[in-house]
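Summary of the model geometry
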Amino acid sequence: MIRSTLLTSISIVAIQTTNLFAQEQRAISGYIYDVNKQPVIAATIRLGELESQSDHQGYFSFAKLSVGKYRLKVSALGYANKEIPLEKLNGQQMTVEVQLLQQANTLDEAQVAGRVHQQQRLQPIKTTLIDTRAVSTQATNLTELMNRAPGVRIRQSGGTGSNPDVSVNGFQGKAIKYFKDGIPLDYLGDGYSIATMPLEAIDHIEVYRGILPIYLGADALGGAINLVPRKAIGTQANAFYEIGSFDSHRLGLRASRLSNDEKWLFGGELYYNYAKNNYKAIVEVPDPITKNPELVRLPFFHNGSKHLYGEVFAQLQNRNWADELRISLIGFDLSREQQHPAMMTDAYGAVRSKQYTLAPSLRYKKALLDDKLHFDQFVSYNNLQTERIDTLRGSYDWYGNLTPKTTIGETRLPSQSHINEHQLVSRSNLSYRVNAHTQIGLNYVFTQVNRRGTDPYGPTLEENGLDVLQLKSTYKKQVLGLSLDNYWLEEKLQNQLMAKYYSYNASGVQNTWLSANVGEKDRRTVSGNYWSLADAIRYRLTNSSLFRLGAEYTYRLPEREELFGNNIFIVPNFELKPEQSLNFTLGYQQTFFSSLDIEANAFYRRTKDQILLVTIDAPNAQYKNQENVRGYGFDLDVNYRFWKNYRFNANATWTNLRLYGITAEKDQWMNEARLRNTPYFFANIGLQGSYRNLLRNSDKLDLFVYYNFMREFYLETIPKSWEPKGFLGLSGNSNVNSNLIIPNQHLLSGGFTYKPSARGFTIGAEVRNILNKNLYDYYRIQRPGRSFYLKLSYQIP
């Protein structure tokens, strides 16, 4: 019934939109480009008393214009202003193209990010934009930066370089999808992520909470993270080196060269990260006399991470047959030590994993039909290789002492596995501007994975003794998206109607207990086809205020790790059903006095068959359709610029996601319980100061301090009656064992960057966890205490 009502409502909106547009005409329209034929977004266009702004394709238009002579004035951050004389004749519809010249020597990093941020603020689909380019010289990382954003929490399992888990409005894990410039990131494994890549590699991060635009071709349920890499522009180079606590080191080099005729661009980047992560944590060890467990603060001794990433490219551009043809080769090598299992119950001293690949890719872009039709094609094929080693004949304690034993493996699941995943990913995107007020889009993503490996210590087939990993497993997924964008009422009102089609097919071995008794009877094949619908509306009340409204009915397909397992602790499950969810969003934003930005957003979700990782027989775990979840939440974001040099920002997020529909008599107490292991309230406060010409002309000093608070939450499901009784659960104490509580957390960090001149050297420093508080990630994994970081950057020219 709800799905039918939503479909009917969306159809009515689309019909009304089309009818309204049929009555409008545009007197003048055009595109704003840079010298590389790339669209200039958020440019301001003035024509007499009228004013407009360019969209993500550089497009602008004016609906009503009297006959006469005018001067078209165009301005944009980082570009020289431009004026063009125009003469409007009676009944004439005019189309113009404007090329802006970039002011490279005066372009401030914050201005670059600000230009993108301004365009994102005008979109009907809510996006939280995280400026990385503006803070790239700070001695911080992507996870710390993202944790300061509203509605977003990043949790890791062992310090710098460890595997991250992103929570967006309470949804996490596989419900959140990752992209690199619009391309699904699965093909690069853990080699390109917020935990491994430095700030210098990323221009900005787009965080989508709920509805996704179709150009992100994925079946996300809770949201998406789009990492937009920094584009190479012209001939330039920059390098950096960062050193920090717990023997952490980051270094990188980026360089590019543009040919004299501006038709060839070459470049590359190389990054290396290393960290021992040997910080101290509170662990449980037996008393040497009484043998009773006691809590002791000891350093981690097998928690390191090492990551090498490189990319080289050659790009043809500004050709008659191609706006851009880019051939790239990406390679990475990632090694991680494993100090403990999912929870800090045991110490390991030799378990480790490794992942690496070489991934060639091709990307082609072309604008046709007087820039009305835009085509973007990406394709890549690679072999992602993953290894896990657990062959030690012995075990470690938390003091790092080794006790020999005759059996193999520290984890009770010995392994010397090597898995090959041959992956093909293709993404095709088309957008066509039908007229000044209507645009349609099409996006198609095809993914195919063939998985095969070896493990001499793994399960074997009972018929012939063959290693189960040697059996071929396959996974295919297709995502087709269609969109219709409409503008009316002088572009104050924008409607984006979207439909997506999902299809998947997977085959493999159902080996729930990782046992040796596996045969052909355990082979499984699953498949499915699904549709989703979404509609997003943005209405600009004034030049400084707007509101958004969105509705979506969608599915999330089981991912290959959820189906196949990971040959470590996660076992296969080919009985999974897709998650399905009904989502509504509402938002409002306004700027006061050109210095105060306030934004408020709310959401409601109802999700069925949520896929969660649950323990089935320790240490084994399995993804299962475990629970139905419904709830709502809101966030508030405030930014205030004052006294010219200062900026204050604050945000807070509260969610109320609860279980429902549990019918089993023994589990009915869980109805209306909060979603386990999920923070429900957190807040951030930040203050930045910027000073110029302090010690010399053109120097710049930036100071910053950030505070983060996260309310206690619970490792396991607890009855609603046991929760704190304070308003929204923000005060009072819960009536549960302290071992099930992840307590209130306070994080205070601060630092500075100093540029002696506009180009050249920059020095940055940061102190994290200044108060040296006990901090925790998911499953109560402890984070580092007070730590210090120093960074030196150099840029040419």
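So, here's what we can say about the structure. Predicted model only: the values in this text are computed from it and were never measured. (Residues numbered from 1 in each chain as written. Predicted model: local features only at pLDDT ≥ 70, side-chain atom pairs only at ≥ 80, totals over all residues. Heavy atoms only, no water.)

A few words now on the nonpolar core. Core analysis: the biggest nonpolar cluster contains 45 residues, and Met-146, Tyr-187, Tyr-192, Ile-205, Val-207, Ile-225 and Leu-227 have the highest contact counts within it. The set of elements that each furnish at least two residues to this core consists of α3 (142-146), β9 (152-156), β10 (164-168), β13 (202-209), β14 (223-229), β21 (324-337), β23 (373-390) and β36 (646-660). Setting aside chain neighbours within four positions, we find Tyr-187 in contact with Ile-330, Ala-359, Phe-378, Ser-380, Asn-382, Leu-384, Gln-423 and Val-425. Ranked by size, the runner-up nonpolar core spans 20 residues in total, among them Ala-27, Ile-28, Phe-60 and Tyr-70. (Core = buried A, V, L, I, M, F, W, Y, C linked by side-chain atoms within 4.5 Å. Buried < 20%, exposed > 50% of the residue type's maximum accessible area, 1.4 Å probe, protein only. Helix = DSSP H or I, 4+ residues; strand = E, 2+ residues; numbered from the N terminus. Contact = heavy atoms within 4.5 Å.)

The subject of this paragraph is the pairing of strand β18 (residues 280-286). The two faces of β18 differ: Ala-281, Val-283 and Val-285 on one face are buried, but Lys-280, Ile-282, Glu-284 and Pro-286 on the other face are not. Pairing of β18 with strand β19 (residues 293-299) involves seven bridges; the strand directions are antiparallel. Residue pairing for β19: Ala-281 is matched across the bridge by Leu-298. (Pairing = 2+ DSSP bridges.)

A cluster of nonpolar side chains, namely Tyr-241, Ile-243, Leu-251, Leu-703, Phe-752, Phe-761, Ile-763, Leu-790, Leu-792, Tyr-794 and Ile-796, defines an oily patch on the protein surface of about 910 Å² accessible area. Going through the elements one at a time, β15 (236-244), β42 (760-768) and β43 (787-796) are the ones with two or more residues in the nonpolar patch. Looking at the nonpolar patch element by element, the count peaks at four residues for β43. Mapped onto the elements of the fold, Leu-251 is located in strand β16 (residues 248-258). (Patch = residues over 30% accessible without salt bridge, like charges linked within 9 Å, V, L, I, M, F, W, Y side chains within 5 Å. Areas by Shrake-Rupley, 256 points an atom, 1.4 Å probe, with all protein chains shown as cover. Salt bridge = Lys/Arg side-chain N within 4 Å of Asp/Glu carboxyl O.)

Working note: non-glycine residues mostly have negative phi, and peptide bonds are mostly trans. Look at Leu-728: it is not a glycine, yet its phi comes out positive at around 60°. Structurally, the position occupied by Leu-728 is in the loop between β39 (713-714) and β40 (741-742). A positive phi angle is found at Asn-772, which is not glycine, with a value near 55°. Topologically, Asn-772 is positioned in the loop between β42 and β43. The class of Asn-772 is partly exposed, set by a relative accessible area of 42%.

Let's shift gears to the side chain of Gln-339. Along the chain, the position of Gln-339 falls in the loop between β21 and β22 (352-368). In terms of polar contacts, Gln-339 uses its side chain to reach the backbone amide nitrogen of Phe-301, at 2.7 Å. Every residue in contact with Gln-339, bar those within four places of it in the chain, is listed here: Phe-300, Phe-301, His-302, Asn-303, Asp-346, Ala-347, Tyr-348 and Trp-398. (Polar contact = N/O pair within 3.5 Å; in protein donor to acceptor, adjacent residues only side chain to side chain.)

So yeah, pure geometry; function would need other evidence.
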